[in-house]
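A closer look at the structure
Here is how the chains run, residue by residue.
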Amino acid sequence: DGLENQGSHANAVRILNEIAGLGVVVDCLGIGENFAFDAMQEFSGPSGARTERLETPDQAARIFRDLAGVAQRSLVHNVLLRLRVPSAHRDVELYQVTPEMRWVAELQRGPRGEIQHVLNLGSLPQHLSYTLLVAASVDTPQAGVVEMCHYRLDYSIPLLGLASESLEGTVRVQVGGRGMRDGGITNQYTEATLTRLEADFRRHYGSDWDAAARILAVMVKRAEAAHLTDKV
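Sequence positions are assigned chain by chain, starting from 1 and proceeding in written order. Restriction of local features to residues with pLDDT of at least 70 applies here, the model being predicted, together with a cutoff of 80 or more for giving and counting side-chain atom pairs; totals for whole chains, interfaces and linings are based on all residues. Excluded from the side-chain calculation are hydrogens and water; included are all heavy atoms of the structure.

Overview of the overall build of the chain
Looking only at helices and strands, the chain features five helices and nine strands. Helical segments are the DSSP runs of H or I of at least four residues, strand segments are the runs of E of at least two, and each set is numbered from the N terminus. Going from N to C terminus, the chain has its helices and strands arranged as α-β-α-β-α-β-β-β-β-β-β-β-α-α. Along the first, second and third principal axes, the C-alpha atoms of the chain reach 55 × 55 × 35 Å. The cut-offs for exposure are 20% and 50% of the maximum accessible area for each residue type, with area from a 1.4 Å probe on protein chains only; residues under the lower value are buried, those over the upper are exposed, and the others partly exposed. Taken across its 232 residues, the chain has 32% of its residues classed as buried. Taking all contacts inside the chain whose residues are at least 6 apart in sequence as the whole, residues at least 24 apart take part in 65%. Carbon together with sulfur atoms contributes 53% to the accessible area of the chain, which is approximately 14,700 Å² in total. By definition in these notes, contact holds between two residues if any of their heavy atoms fall within 4.5 Å. Under the convention used here, a 1.4 Å probe and the Shrake-Rupley method define accessible areas, while residue burial counts only the protein chains that appear.

Right, here's the structure in full:
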């Protein structure tokens, strides 16, 4: 069920980061109504793996076959995505939307104030894609282009004899003026923030009912605004 009985959660996360650095993928499958999903996501996160709660016993075989198939079909290996967000940006948030919704809880600022974060995406089959959201408060003129973040992607493709390849670039966004707005991204962001709020709710659940109720009210309001009726 992922609940702690003994030992240190922080030490387990440290060990899992070391394991991920060796190229090992750690998927977490849990059982029971009290499955500690958030804690298990922390364990699967360093290697870009999956966290699933098994509703029925027969799901286990299907998911094991799926995970084995992903490993066998992987074409791109040792994938690392390095993100650097300028120091002037405030309230920076980073979310993964696909293949699994997760919130990156700890973003550290470097010596010059910039945020640098490394995502270990492990090994990727041809059909798998990752979608990430970066949100921040920025100071801009009424209209203009803003540098959102710089990225570097490191990877290897053994089948093609390629090792330690890299690709770099900068994500820029147009703000103000008559630029187009993507409502789909807005909805993705709203749904992603519900993941963060749910983690906050679970921290207060059972110990501070007033705080838990306030968080639920915010979640319902955001879900209604984005027409996420299933979330409501």
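Looking at the sheet that holds strand 8 (residues 144–157)
Whether two strands pair depends on DSSP finding at least two bridges between them. With antiparallel pairing, the four strands of this open sheet are ordered in space as 6-3-8-9. At either end of the open sheet lies a strand with only one pairing partner, and these are strand 6 (115–125) and strand 9 (162–175). Taken pair by pair, the neighbouring strands of this sheet meet at an average axis angle of 20°, ignoring direction. Interaxial angles span 0 to 180 degrees and are taken between N-to-C directions of axes, which are lines fitted to C-alpha atoms, for helices over the stretch in contact.

Regarding the nonpolar core
Counting 13 residues, the largest nonpolar core has Leu 81, Leu 83, Val 85, Leu 94, Leu 119, Leu 121 and Leu 124 as the members making the most contacts within it. Elements with a contribution of two residues or more to this core: strand 3 (74–85), strand 4 (90–98) and strand 6. Residues contacting Leu 121, with those up to four places away along its chain left out, are Ser 47, Gly 48, Val 79, Leu 81 and Tyr 130. To qualify as a nonpolar core, a set must consist of buried Ala, Val, Leu, Ile, Met, Phe, Trp, Tyr and Cys residues joined through side-chain atoms within 4.5 Å. Among the nonpolar cores identified, the runner-up in size contains nine residues, and Leu 194, Phe 201, Ile 215 and Met 219 belong to it.

Things to note about the pairing of strand 4
Pairing analysis gives six bridges linking strand 4 to strand 7 (residues 131–137), with the strands arranged antiparallel. Residue pairing across strands places Tyr 95 opposite Leu 133, the latter belonging to strand 7. Taken together, the two bridges between strand 4 and strand 5 (residues 102–103) define a ladder with antiparallel strand orientation. Residue pairing for strand 5: Gln 96 is matched across the bridge by Arg 102. Between the antiparallel neighbours strand 4 and strand 5 lie three residues.

Brief notes about the confidence of the model for the chain
Within a predicted model, pLDDT stands for the predictor's per-residue confidence, ranging from 0 to 100. The share of residues in the chain with pLDDT of 70 or more is 97%, and the mean pLDDT across the chain is 85. Ranking the elements of the chain by mean pLDDT puts helix 3 (residues 57–73) last with 82 and helix 5 (residues 209–225) first with 93.

With respect to the sheet that holds strand 5
Whenever strands of a sheet pair, they do so through backbone hydrogen bonds, lying parallel or antiparallel. The strand order across the open sheet built from three strands is 5-4-7, with neighbouring strands paired in antiparallel fashion. One side of each edge strand has no neighbouring strand; the edge strands of this open sheet are strand 5 and strand 7. Helix 4 (residues 183–204) rests against strand 4, strand 5 and strand 7 of the sheet, and its axis sits at about 100° to strand 4.

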